[in-house]
Amino acid sequence: MLVQDVRNCVIDVADLNQLKWDLNRLQAVDVGEYITQLPSKQRAIAFRLLNKHQATDVFEYLPPDVQEELINSLHDVQVVQIVENMSPDDRAELFDELPAKVVKRLLQQLSPEQRQVTATILGYPEGTAGRVMTTEYVRLREGLTVGEALSKIRRQDEDKETIYYAYVTDDNRKLVSVVSLRQLLFTFPDVLIRDIAGDRVVKVKTETPQEEVARVMKRYDLIALPVVDREDRLVGIITIDDVVDIIEEEATEDIQKLAGVSGDEAALSPPQITIRKRLPWLLGNIGLYIGAASAIAPFQGVISVVPVLAVIMPILSNTSGNVAIQALSVTVRGLGVGEVTPMDTMKILRKEILAGFGTALALAITLGTLSLIWSPAPERWVSIVAATVMAVNVFVAATLGTVLPMTLKRLNLDPALISGPLLTTTLDAIGFFTFLSMISVALRIFN
């Protein structure tokens, strides 16, 4: 049966043997997707058809809510076997999502070794290298020969997370050098490890932020990165599959913050979760818009005298807001991937000002022309004011969209905290007040 066929099928009790054969020969990620799409009552049935090894692999690909559901549906013995066989980093991630009482129960039933490993990882702060690392890695002593190293890997390291790199340590577990499997395979057996291992090791500390880990692995094209403690002792590694998850998580978080969405809301989150994640931002925006509206309130008489302002103001607001979000998005993305740092603030600002000059000129001419067309003959002067304010607002928008995230980064805060709605509402208040103030002055001059 093809993968697509298994994904689309519904459990047929009369054909469980066929389904069992199909599920156990497929990739774990495909089986995880299939089980997730099943009705809730049938997930445990399908999961029980998996052999021990496949069950562990599939479990790691299931969403947290489905994992918790299966834990409640399966017998404790089955659950403990699955959790015991999970890689330490995936187990720690699972425990992060489960209720505290379930975590406590599972920890008590794990083997002493796995319990200690899991407790160690959970002891590091969230979002750090220590929290996403695995303790399953290949470690070699300096005095081994290549032949002895390969024999050790064959005998003892079959279940390690990756064997593409082996890490050489001294008697105190301090990281000394690294050797690749390729080097071991293409070197004579009697050569000492220390003679071929590279001592320029790229590594991170346990407290290193996970986004910095992703940047380091991208910069040096690594598939695994060693993690050391404050005494430079090797405590774990981070593999490329974990970094892919980190990049996705960080990108999702930044996009949601820029859009004014709190937390890790998913596209298929239940309605109550969507309400809980979005409502605080929306209520906050109402407060911000009250501030912007307050900038308009003193000028109601001006608007009544020059009604065309009601047509021009939304265009002014929307355009300057879009300019700000463009600058903000580019800057936050550059900071996120390590393309720029706060030291580059002036370079980026110079670029934005130069680009903003042409943009501001074009947008000012466009709004000025529209205002000229819409305004009655006695009020054609409105077009000059509108064009001027548009140009100024575009410059202010580009500047704030660049400087604010850079400032937050310099203060070691998340640049994505400057959300689009926050910035655009602030610009609305500035733009409306400036525009209407200039119109008030012009009315006194021309009338």
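Residues numbered from 1 in each chain as written. Predicted model: local features only at pLDDT ≥ 70, side-chain atom pairs only at ≥ 80, totals over all residues. Heavy atoms only, no water.

Engineer: Go over the overall build of the protein chain, please, and point to the residues and values.
Structural biologist: The secondary structure content of the protein chain amounts to 21 helices and six strands. On C-alpha atoms alone, the protein chain measures out to a radius of gyration of 30 Å, which is more than a quarter above the 22 Å that the 2.2 N^0.38 rule sets for 447 residues. Along the first, second and third principal axes, the C-alpha set of the protein chain runs to 95 × 60 × 40 Å. By the burial criterion, 45% of the 447 residues in the protein chain qualify as buried. Put simply, of all contacts in the protein chain between residues at least 6 apart along the chain, 66% involve residues at least 24 apart. Taking the average place of the 43 positive charges on the side chains of the protein chain and the average place of its 55 negative ones, the gap between the two points comes to 4 Å. (Helix = DSSP H or I, 4+ residues; strand = E, 2+ residues; numbered from the N terminus. Rg over C-alpha atoms; globule rule 2.2 N^0.38 Å. Buried < 20%, exposed > 50% of the residue type's maximum accessible area, 1.4 Å probe, protein only. Contact = heavy atoms within 4.5 Å. Lys, Arg positive; Asp, Glu negative; His and termini not counted. Charge placed at Lys NZ, Arg CZ, Asp CG, Glu CD.)

Engineer: Any chance you could break down a nonpolar patch on the surface for me, citing the residues and the numbers?
Structural biologist: A cluster of nonpolar side chains, contributed by Ile 275, Leu 279, Leu 282, Leu 283, Ile 286 and Ile 290, occupies part of the molecular surface with about 580 Å² of accessible area. The class for Leu 283 is exposed, based on a relative accessible area of 51%. (Patch = residues over 30% accessible without salt bridge, like charges linked within 9 Å, V, L, I, M, F, W, Y side chains within 5 Å. Areas by Shrake-Rupley, 256 points an atom, 1.4 Å probe, with all protein chains shown as cover. Salt bridge = Lys/Arg side-chain N within 4 Å of Asp/Glu carboxyl O.)

Engineer: Give me the lowdown on the packing of aromatic side chains, citing residues and values where you can.
Structural biologist: Applying the stated criterion across every chain, the model contains two aromatic pairs. Judged by centre distance (6.0 Å) and plane angle (65°), the ring pair of Phe 47 and Phe 59 falls under edge-to-face. Placement of Phe 47 in helix H4 (residues 40-48) and of Phe 59 in helix H5 (residues 52-59) is noted, with a sequence separation of twelve residues between them. Like Phe 59, Phe 47 is buried. When the centroid spacing of 5.9 Å and the interplanar angle of 70° are considered together, the rings of Phe 299 and Phe 433 count as edge-to-face. Here Phe 299 is found in the loop between helix H16 (271-296) and helix H17 (300-305), whereas its partner Phe 433 is found in helix H21 (residues 420-446), with 134 residues between them in sequence. Judged by relative accessible area, Phe 299 falls into the buried class, the value being 11%. (Phe/Tyr/Trp six-rings, centres within 6.5 Å; stacked < 30°, edge-to-face > 60°.)

Engineer: Residues and numbers for H5, please.
Structural biologist: Residues Gln 54, Ala 55, Thr 56, Val 58 and Phe 59 constitute the buried set of H5. In the core, the buried residues of H5 are packed alongside helix H2 (16-25), helix H3 (28-37), H4, helix H6 (64-73), helix H7 (76-85) and helix H8 (88-97).

Engineer: Give me the lowdown on the packing of H3 against H5, citing residues and values where you can.
Structural biologist: Put simply, H3 and H5 touch, their axes get as near as 8 Å, and they point 70° apart. Judged by the inter-axis angle, H3 sits roughly perpendicular to H5. Taking contact as the criterion, the partners of Ala 28, Val 31, Gly 32 and Ile 35 in H3 are, on H5, Gln 54, Asp 57 and Val 58. Considered class by class, the residues forming the contact of H3 with H5 number four nonpolar, two polar and one charged. (Axes fitted to C-alpha atoms, helices over the stretch in contact; angles between N-to-C directions. Parallel < 35°, antiparallel > 145°, perpendicular 65-115°, else oblique. Nonpolar A, V, L, I, M, F, W, Y, C, P; charged D, E, K, R; others polar.)

Engineer: Let's hear about a negative patch on the surface: which residues, and what values?
Structural biologist: There is a patch of like negative charges on the surface, built from Glu 93, Glu 97, Glu 126, Asp 241, Asp 245, Glu 248 and Glu 249. For the negative patch, the secondary structure elements donating two or more residues are H8 and helix H15 (240-259). Among the structural elements, Glu 126 can be located in the loop between helix H10 (112-122) and helix H11 (129-132). Residue Glu 126 is classed as exposed on the basis of its relative accessible area of 63%.

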